Amino acid sequence: MVDKQLWVKKQEIDFFNQARGFASPEQLFYKDNIGRYLAYWPKGYKGIKTTLQSRNSLIGNFTEKWTTNLIQEVVKEKGLYAVQDAICDEIALTNMSPADVVISKNKSINQTPEDIILIFEVKMSVVWNWEFSDSSNTLTCLGDFKSHQGNPGLLRSDSMLKAIGKSINIRVSSYKSSTIPIVVIGNTPITDSYYSKVDHLKTSGIIQGFWSVNPKPLDNNGENIKHTQNDGFLRFDTFEELKLKVHDLLSQEQNFFSSMKSKQEIGKIIEIANKKPNYKEKAEEFLRLIKE
DNA sequence: GTCTTGACATCCGACGATTT
DNA sequence: AAATCGTCGGATGTCAAGAC
């Protein structure tokens, strides 16, 4: 039973059906003024609203597990593992704030920086609006995210900032994290005010990508971004496309480096590093010196 | 006047530490 | 051992101010 689908409406139906096993409709849906169970408040709804919190951790858990399974399929032929909630204190992945998903050489929850090959931060939401019927136990899709009041996933600026903050925390925790790519994975596009930011984050080496695994976030072929200019954001349309990109990222060894130094100091470092006989050793010397 | 944005608010469950 | 308290991270609502 290998599911190689990306995030489509079926995944959200699966989520609600699975959650219905142990949660009441009231814990999963809003109830509007005429008694309908709704995933989000539709745009233009003017009746009395309530605020639902009980669904948050459920969808969070579901999407992290779903992503782990998806990534497992991507890397299994390479003999690697997708590990959910991975802990590695050395690079700020603690018990209380683990990595949502990592690709690793081993499948244990407790990881060493040397084994971790890629870190995924998952930020996914319920994207579409749904109406649930208790009597017939069915779900009806009411529309895409433009039709409801919620702002799902990476379309929220504070979700973006949270993901960026966590990534920087990992980057500054230890130089041991400097060779591990970090990717934020979501199921929505990003807003255009973040297009240049994600490209800068990629160029500067902090975050290697913001990826959406939702091929068609909008109904009726609604236009949505495929990628930003420098590919800081990517939308994946098929499982194969995702697999290629992950393998591509795994095949190149990259180093993150940063500092705040005067041109004098930087010039000196370059001069010293340049005395090494080849590019690889020049680079190693440079990286060694810049973090002193 | 309506839509979008960004900062702030909210509540839940899991967990660790502290108190009973 | 059980109860209590505080903290955290999960997603999403709220609302004033800005953008159109």
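Look up: the structure comes first, before these words.
Enquirer: Hey, could you run me through the packing of aromatic side chains in this one?
Expert: One pair of aromatic rings is described through two measures. These are the centre distance and the angle between the planes. Summed over all chains, the structure comprises twelve aromatic pairs. The interplanar angle of 5° and the centroid separation of 5.2 Å between the aromatic rings of Phe29 and Phe132 together place this pair among those described as stacked. Remark: Phe132 occurs in strand 6 (residues 129–133) and Phe29 occurs in the loop between helix 2 (25–28) and strand 1 (30–31); sequence separation between them is 103 residues. When sorted by exposure, Phe29 lands in the same class as Phe132, which is buried. Residues Trp211 and Phe236 carry aromatic rings whose centres are separated by 5.1 Å and whose planes lie at 65° to one another, so their mutual orientation is edge-to-face. In this pair, Trp211 sits in strand 9 (residues 209–212) while Phe236 sits in the loop between strand 10 (233–235) and helix 6 (239–251), placing the two residues 25 residues apart along the sequence. These aromatic residues form a ring-pair network of at least three members: Trp7, Phe15, Phe16, Phe29, Tyr37, Phe62, Trp66 and Phe132. Over the aromatic face of Tyr40 sits the side chain of Arg55, whose NZ or CZ is 5.2 Å from the ring centroid.

Enquirer: I'm lost on helix 1 (residues 9–20) in this one. Help?
Expert: Because each turn of an α-helix spans 3.6 residues, side chains separated by three or four positions end up pointing in the same direction. The end-to-end C-alpha separation of helix 1 is 17 Å, in line with the 16 Å expected for twelve residues at 1.5 Å each. Those residues of helix 1 that are buried lie in contact with helix 2, helix 3 (56–75), strand 6 and strand 7 (138–143).

Enquirer: When you look at the pairing of strand 4 (residues 99–104) in this model, what are you seeing that I'm missing?
Expert: Consecutive residues of a regular strand have side chains that alternate between opposite faces of the sheet. In terms of burial, strand 4 is a largely internal element, six of the six residues being buried. One ladder, built from four bridges, connects strand 4 with strand 5 (residues 116–123); its direction is antiparallel. Counterpart to Ile103 in the pairing with strand 5 is Leu118.

Enquirer: Hey, could you run me through the layout of surface pockets in this one?
Expert: The method is simple in principle: a probe with the dimensions of a water molecule rolls over the atoms, and the space it marks as empty is what remains. As a volume, the largest pocket reaches approximately 1,000 Å³. For the largest pocket, the lining is made up of 35 residues, of which Asn56, Ile59, Met124, Ser125 and Ser159 are closest to its centre. Broken down by secondary-structure element, the contributors of at least two residues to the lining of the largest pocket are helix 3, strand 5 and helix 4 (157–173). Element by element, the count of residues in the lining of the largest pocket is highest for helix 3, at five residues. Split into classes, the residues belonging to the lining of the largest pocket amount to eleven nonpolar, 13 polar and eleven charged. Taken as a whole, the second largest pocket holds about 850 Å³ of empty space.

Calculation notes
Residues numbered from 1 in each chain as written. Chains lettered and ligands numbered in written order. Predicted model: local features only at pLDDT ≥ 70, side-chain atom pairs only at ≥ 80, totals over all residues. Heavy atoms only, no water. Phe/Tyr/Trp six-rings, centres within 6.5 Å; stacked < 30°, edge-to-face > 60°. Helix = DSSP H or I, 4+ residues; strand = E, 2+ residues; numbered from the N terminus. Buried < 20%, exposed > 50% of the residue type's maximum accessible area, 1.4 Å probe, protein only. Lys NZ or Arg CZ within 6 Å of the ring centre and 35° of its normal. Expected span 1.5 Å × (residues − 1). Contact = heavy atoms within 4.5 Å. Pairing = 2+ DSSP bridges. 1 Å grid on protein atoms, 1.4 Å probe; cavity = no way out; pocket = protein on both sides within 12 Å on 5 of 7 lines; lining within 4 Å. Points joined across faces, edges and corners; volume = space filled by probe spheres on them. Nonpolar A, V, L, I, M, F, W, Y, C, P; charged D, E, K, R; others polar.

Fair warning: the whole summary comes from geometry, so function is off the table for now.
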